[in-house]
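# Close look at the chain arrangement
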Amino acid sequence: MAQDCIFCKIVAKEIPADIVMEDEHILAFRDIHPEAPTHILVIPKKHIPSLSQAELTDMDVLGALQLAAAKLAEEQGLARGYRVVTNCGDDGGQAVPHLHYHLLGGRSLTWPPG
Ligand code: DGP
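Residues numbered from 1 in each chain as written. Predicted model: local features only at pLDDT ≥ 70, side-chain atom pairs only at ≥ 80, totals over all residues. Heavy atoms only, no water.

## A word on the overall build of the protein
Looking only at helices and strands, one finds three helices and five strands in the protein. The linear arrangement of helices and strands in the protein, starting from the amino end, is α-β-β-β-α-β-α-β. A compact globule built from 114 residues would reach a C-alpha radius of gyration of about 13 Å, and the protein, at 14 Å, matches this within 12%. If one aligns the C-alpha atoms of the protein with their principal axes, the spans along those axes are about 35 × 30 × 25 Å. (Helix = DSSP H or I, 4+ residues; strand = E, 2+ residues; numbered from the N terminus. Rg over C-alpha atoms; globule rule 2.2 N^0.38 Å.)

## Considerations on the site of the ligand
Taken together, 15 residues sit near the ligand, with Asp31, Asn87, Ala95, His100 and His102 positioned nearest. Asp31 places a polar side-chain atom, nitrogen or oxygen, 2.5 Å from an oxygen atom of the ligand. A distance of 2.8 Å is found between an oxygen atom of the ligand and a side-chain nitrogen or oxygen belonging to Asn87. Coverage of the ligand by the protein chains reaches 84% of its 510 Å² of free accessible surface. Taking a 2 Å distance to the grid points as the criterion, the majority of the atoms of the ligand fall inside the largest pocket. Of all the elements in the fold, those that place two or more residues in the shell around the ligand are helix H1 (6–11) and strand E2 (26–30). Residue contributions to the shell around the ligand peak at three residues, all from H1. Partitioned by chemical class, the residues of the shell around the ligand number eight nonpolar, five polar and two charged. (Near = heavy atom within 4 Å. Polar contact = N/O pair within 3.5 Å; in protein donor to acceptor, adjacent residues only side chain to side chain. Areas by Shrake-Rupley, 256 points an atom, 1.4 Å probe, with all protein chains shown as cover. 1 Å grid on protein atoms, 1.4 Å probe; cavity = no way out; pocket = protein on both sides within 12 Å on 5 of 7 lines; lining within 4 Å. Sits in = over half its atoms within 2 Å of the grid points. Nonpolar A, V, L, I, M, F, W, Y, C, P; charged D, E, K, R; others polar.)

## Looking at the layout of surface pockets
Here the largest pocket is characterised by a volume of approximately 750 Å³. Around the largest pocket, the lining comprises 33 residues; the ones closest to its centre are Asp31, Glu35, His39, Asn87 and His102. Counting residues per element, the ones that place at least two in the lining of the largest pocket are H1, E2, strand E3 (38–44), strand E4 (82–85), helix H3 (89–92) and strand E5 (101–105). The leading source of residues in the lining of the largest pocket is H1, at three residues. Estimates place the volume of the second largest pocket at around 150 Å³. Forming the walls of the second largest pocket are Gly77, Leu78, Arg80, Gly81, Tyr82, Arg83, Leu104, Gly105, Gly106, Arg107, Ser108 and Leu109. Among the secondary structure elements, those contributing two or more residues to the lining of the second largest pocket are E4 and E5. (Points joined across faces, edges and corners; volume = space filled by probe spheres on them.)

## Quick look at unusual backbone geometry
For the peptide bond that leads from Trp111 to Pro112, omega is 5°, which places it in the cis range. Inspection of the secondary structure assignment puts Pro112 in the segment after E5. Positive phi outside glycine occurs at Lys13, with the angle close to 65°.

Shown next, in the form of structure tokens:
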């Protein structure tokens, strides 16, 4: 757990969140500022600051995060499609320095993003 990391505090249940899925390595919860009818954050419990700091030893959890996002999309009824995205660094628009995948769906999403 990283000191002062808001997502580590959610993992530790020190800060409440609307949790939709949890296992040994992964937590998924609803984004506090939803940008779509379904907006879920899927995160590793381990503190990895961003995708660019992930290591080869994180390969299993990286795969598990994507599979969890796909399973959640199915459970949430996103049969028409959805987007899974991770913002990385300043130019990527990353605000919270704990790796997270946004699962967005429930409306038609535009491309490219701003
Ligand atoms: P990003 O810009 O990719 O780092 O997205 C961070 C997201 O995290 C943003 O959409 C808002 C969300 N968020 C920030 N703080 C909290 C929180 O305390 N609880 C929840 N549920 N979401 C949060």
